[in-house]
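Summary of the model geometry
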Amino acid sequence: MTHTTDVLIIGGGVQGASLAFALAQRGVQVTVLEKSFVGAGATGRSSGLVRMHYDTEVAARLAWASFHYFRNWQEMVGGECGFTRTGFLQIGGVEREEALKANVAMHQRIGIATFLITADDVKRLAPSFATDDFTLAAYEPESGYAMPSDTANALMTAARGRGARLVQSCTVSAIHVTGGKVRGVSSNQGEFAAPVVVNAAGAWAQPVNQMVGLDLPLTTWRHDTMFVVRPPEIGLPHPTVIDYANEMYFRPEGGLTLVGLEDGNPLGEAPEGGAGHALPGFVERAIERICRRIPAMERGHLQSAHGGYDGITPDQHPMLGAAGPEGFYLDCGHSGTGFKTAPAIGLCMAELILDGVARTVDISPYAPDRFTEGKLIKGNYENIWR
């Protein structure tokens, strides 16, 4: 028996769930095919930062549009996303001050609540921080973090409440194309017919692309994180921070602090690899760096550490839009930063699929053909993952 629908989405992470929600809101019959369960891949391993500080306007606009969802989740989606306001600091280091100033000016022009503060201001906000290696930081007082798995499940539940269908434990084995148009897919749970298929498969997106003959520069990216228990003397939870000076980011969660590093992230590994644990040496490097910024962390202790995988592109920006046969769309290659922009990307992709153009935010810079045309995206900062 073949199940017929308007749109098939391959992948039930936060991106697939967001797109399903946006399409279902507009009355589209949508089916999500997920190889495991909702949020099982990159979403479930996301650090969940919710901030607007990006070094390109399109990314900042997507994060700003998504922020309205996170701050008004019950009214706009329903369920819980776990948004927690902590304030957000972008510490760039002396060599990035001019780029930091340019980014803040761009964000303020968009309407984002952000401003430059001094190292002394940072010390007042977070007395436990060492602040002798920078003079300026960007501060977003309303930002923080959310719970990625809760977010994805709330979006999927809302989509299903509007008629979307979710098929879990469903592995796609082939995408059918005739006359230059997609017709549907085969899977271990049967045949699905649709004139539109969206690849939102995260770290598994490249094999899906290959099913329609697409050879795009998309590979896998592994990222490890750890949770440490803060010592009592640090006191209240600290802000969420991206610390370029130490190639690190961190955020609080109750009495814990999550830490991730921007370097030492392997490319090209099979995403089925051992993500239940961190790679050798990661914990030692992460501890050394968090103790540079928060010296009192030397008296903390490790709670847990694990890894995760996502798809990554050469310019570390997503592939969004049509590619290959008619009716085939990409929503992948988010390069580890797609969680906080997912609500707006789902809305924009729905607009693109249904109306031919994304109006909420112009996502045309993310068109997949930019790689063959040599139009890679370059922001005010260099690529962050190394």
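Please refer to the structure higher up on the page.
First, a word on what this report is: a plain description of the structure on this page. Note that the structure is predicted; figures quoted are calculated from it, not measured. (Residues numbered from 1 in each chain as written. Predicted model: local features only at pLDDT ≥ 70, side-chain atom pairs only at ≥ 80, totals over all residues. Heavy atoms only, no water.)

1. What about the pairing of strand 18 (residues 256-261)?
Applicable threshold: Note on exposure labels: buried denotes an accessible area under 20% of the residue type's maximum, exposed denotes more than 50%, and partly exposed covers the range between, all computed with a 1.4 Å probe on protein chains only. What counts as a helix is a DSSP run of H or I of at least four residues, what counts as a strand is a run of E of at least two, and both are numbered from the N terminus. Two strands qualify as a pair provided DSSP detects at least 2 bridges between them.
The buried fraction of strand 18 is high, at 6 of 6 residues. Across the two faces of strand 18 the burial is the same, with L256, L258 and G260 and T257, V259 and L261 all buried. A loop of 2 residues connects strand 17 (residues 248-253) with strand 18, the two strands running antiparallel in sequence, and G254 in this loop sits at a positive phi of about 60 degrees.

2. Regarding the pattern of salt bridges
In plain terms, the rule: When a carboxyl oxygen of Asp or Glu is within 4 Å of a side-chain nitrogen of Lys or Arg, the pair counts as a salt bridge.
What the rule picks out here adds up to 19 salt bridges. The partner of E98 in a salt bridge is K101, with the nearest N and O atoms 3.5 Å apart. Residue E98 and its partner K101 are located together in helix 5 (residues 97-110), separated by 3 residues, close to a single helical turn. Its relative accessible area of 56% is what places E98 among the exposed residues. Overall, K101 belongs to the partly exposed group, its relative accessible area being 34%. The salt bridge involving R370 is made with D315; its shortest N-O contact spans 2.9 Å.

3. Considering the pairing of strand 21 (residues 328-332)
Looking along a regular strand, one sees the side chains alternate between the two faces of the sheet. Along strand 21, 5 of the 5 residues are buried, which leaves the element largely enclosed by surrounding structure. Summarising the sheet, strand 14 (residues 196-199) and strand 21 pair through 3 bridges and their orientation is parallel. The residue of strand 21 that forms the bridge with N199 is L330. Pairing between strand 20 (residues 319-322) and strand 21: 4 bridges, direction antiparallel.

4. What to know about empty space enclosed by the protein
Heads up, the condition is: Both site types are read off a 1 Å grid over the protein atoms alone. A 1.4 Å probe that fits but cannot get out defines a cavity, while an open set with protein on both sides within 12 Å along at least five of seven lines defines a pocket; lining residues have an atom within 4 Å of a point. Grid points are joined across faces, edges and corners, and a volume is the space filled by probe spheres set on the points. Only Asp, Glu, Lys and Arg are considered charged, only Ala, Val, Leu, Ile, Met, Phe, Trp, Tyr, Cys and Pro nonpolar, and every remaining residue, Gly among them, polar.
Following the criterion strictly, the structure yields 2 cavities of 30 Å³ or more and no others. Within this model, the largest cavity holds a volume of roughly 50 Å³. Taken together, R222, H223, D224, L261, D263, G264, N265, P266, L279, F282 and R285 make up the lining of the largest cavity. At the level of secondary structure, the elements contributing two or more residues to the lining of the largest cavity comprise strand 15 (219-229) and helix 9 (282-293). Take the lining of the largest cavity: its biggest share by element is 3 residues, from strand 15. For the lining of the largest cavity, the class distribution of residues is 4 nonpolar, 3 polar and 4 charged. Its volume calculated, the second largest cavity comes out at about 40 Å³. Around the second largest cavity sit S18, F21, A22, Q25, Y69, L155, P343 and L347, which together line it. At 4 residues, helix 1 (residues 14-25) tops the list of elements feeding residues into the lining of the second largest cavity.

Shape is all these values report; function is a separate question.
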